[in-house]
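Per-entry structural report
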Amino acid sequence: MTTHTTDHPAEPPHTCLLCPRLASFIAGWRAREPEWFNGPVPSFLPRSGEEDVRVLIIGLAPGLRGANRTGRPFTGDYAGDLLYSTLVKFGFAKGIFEARPDDSLELLDAAITNAVRCVPPENKPEGAEVNTCRQYYLTPTIARFPNLQAIVTLGTISHQTTVRALGHPVRLFPFSHGGEHDAGGLRIFSSYHCSRYNTNTGKLTTEMFESVFSRVRGYLNDC
């Protein structure tokens, strides 16, 4: 697997050491699976560039055998199946999602990132890790898109750290599935995370998830 390099300040280096627990966890998997990506997963952008991003989708963190393996957000596990089929349906992506970073899928109007860029043990980042990644990477990521109009937060942690990244108190912008908040010129749309657990338990249905992106598309069309 080719390692990721970037000069953009919003993207962490492949060997980011800011969070020792996460760095150690990934180092172990590099030794175990050297062909995997095994690093902070970069944001997924449209080929046309940052200027065309109108909506930013923010997940929690890479899955161990998903994005941590493939190097692209929501690629390689079930969450991507639901997310990318929904994005295609509402015109935020085109092509065919085949759960690998070299498939024909392209984003349109949208970018995808994670609140925490490195895979955490048991998919549970610690508060300090969320705060560090917000300071160094999430806040600069939000700022890098000059024409951003909307953000979709997937899950409570993603929602709360996004609100903080925008400089607002969390208590004024509570998380709820299907919630909407105006914050600093941006509209925040919140959804339950599209994880297999949430869909298998019925906490999140395809219809519930699609309704969020339907409203995002309507909002952008009206802007």
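Preceding this paragraph is the structure being described.
Residues numbered from 1 in each chain as written. Predicted model: local features only at pLDDT ≥ 70, side-chain atom pairs only at ≥ 80, totals over all residues. Heavy atoms only, no water.

As for empty space enclosed by the protein
- Under the criterion given, the structure shown has 1 cavity of 30 Å³ or more.
- One number sums up the size of the largest cavity: a volume of about 110 Å³.
- As for the largest cavity, its lining consists of 13 residues, of which Cys-16, Cys-19, Leu-22, Cys-118 and Cys-133 are closest to the centre.
- Elements with a minimum of two residues in the lining of the largest cavity: helix 1 (20-32) and helix 4 (127-143). (1 Å grid on protein atoms, 1.4 Å probe; cavity = no way out; pocket = protein on both sides within 12 Å on 5 of 7 lines; lining within 4 Å. Points joined across faces, edges and corners; volume = space filled by probe spheres on them. Helix = DSSP H or I, 4+ residues; strand = E, 2+ residues; numbered from the N terminus.)

Some points on the packing of aromatic side chains
- Using the criterion set out here, one finds 8 aromatic pairs in the structure.
- Considering the side-chain rings of Phe-44 and Tyr-84, the 6.3 Å spacing of their centres and the 70° angle between planes classify their relative orientation as edge-to-face. Here Tyr-84 lies in helix 3 (residues 78-89) and Phe-44 lies in the loop between helix 1 and strand 1 (55-59), a separation of 40 residues in the sequence.
- Here Tyr-84 falls in the buried class, since its relative accessible area comes to 1%.
- Each ring, one from Tyr-136 and one from Tyr-137, has its centre 6.3 Å from the other, and the planes form 45°; the classification is tilted.
- Given a relative accessible area of 9%, Tyr-137 falls into the buried group.
- Aromatic ring contacts, followed pair by pair, group Phe-44, Tyr-84 and Phe-97 into a single cluster. (Phe/Tyr/Trp six-rings, centres within 6.5 Å; stacked < 30°, edge-to-face > 60°. Buried < 20%, exposed > 50% of the residue type's maximum accessible area, 1.4 Å probe, protein only.)

Topic: unusual backbone geometry
- Non-glycine residue Asn-38 carries a positive phi angle of around 50°.
- We classify Asn-38 as buried; its relative accessible area is 1%.
- We note that Ala-99 has phi near 60°; this positive angle belongs to a residue other than glycine.
- By the secondary structure assignment, Ala-99 is in the loop between strand 2 (93-94) and strand 3 (106-107).
- Among the residues examined, Ala-99 registers a relative accessible area of 27% and is labelled partly exposed.

Focus: the pairing of strand 7 (residues 186-191)
- The buried fraction of strand 7 amounts to 6 of the 6 residues, a majority that puts the element mostly inside the structure.
- Of the two faces of strand 7, the one holding Leu-186, Ile-188 and Ser-190 and the one holding Arg-187, Phe-189 and Ser-191 are both buried throughout.
- Judged from the 5 bridges that link them, strand 5 (residues 150-154) and strand 7 form a sheet pairing that is parallel. Directly across from Thr-153, in strand 7, lies its bridge partner Ser-190.
- As paired strands, strand 6 (residues 180-183) and strand 7 are joined by 4 bridges and run antiparallel to one another. Note on strand 7: the bridge partner recorded for His-181 is Ile-188. (Pairing = 2+ DSSP bridges.)

Looking at the side chain of Thr-141
- Topologically, Thr-141 is positioned in helix 4.
- Within the local environment of Thr-141, its side chain forms a polar contact with the backbone oxygen of Ala-10, the two atoms lying 3.5 Å apart. (Polar contact = N/O pair within 3.5 Å; in protein donor to acceptor, adjacent residues only side chain to side chain.)

A short note on the environment of Arg-47
- Mapped onto the elements, Arg-47 comes out in the loop between helix 1 and strand 1.
- In this structure, the C-alpha to C-alpha distance between Arg-47 and Leu-108, residues 61 residues apart in sequence, is 8.4 Å.
- Separated by 3.1 Å, the side chains of Arg-47 and Glu-106 make a polar contact.

Examining helix 4
- Here helix 4 contains 17 residues, and its C-alpha end-to-end distance of 22 Å stays within 8% of the 24 Å for a straight helix at 1.5 Å per residue.
- Where helix 4 bends most, at Arg-134, the angle is about 55°.
- When we look at burial in helix 4, the residues that qualify are Glu-129, Val-130, Thr-132, Cys-133, Arg-134, Tyr-137, Leu-138, Thr-141 and Ile-142.
- In this structure, the buried residues of helix 4 make contact with helix 1, strand 1, strand 4 (110-114), strand 5, helix 5 (156-165) and strand 7. (Expected span 1.5 Å × (residues − 1). Bend = angle between axes of the 7 residues up to and from the residue. Contact = heavy atoms within 4.5 Å.)

Description of the layout of surface pockets
- Quantified by volume, the largest pocket comes out at close to 480 Å³.
- Forming the walls of the largest pocket are 24 residues, and the residues nearest its centre are Leu-60, Asn-123, His-193, Ser-195 and Asn-198.
- When residues of the lining of the largest pocket are traced back to their parent elements, those giving at least two are helix 3, helix 5 and helix 6 (196-200).
- Looking at the lining of the largest pocket residue by residue, the classes come out as 12 nonpolar, 9 polar and 3 charged. (Nonpolar A, V, L, I, M, F, W, Y, C, P; charged D, E, K, R; others polar.)

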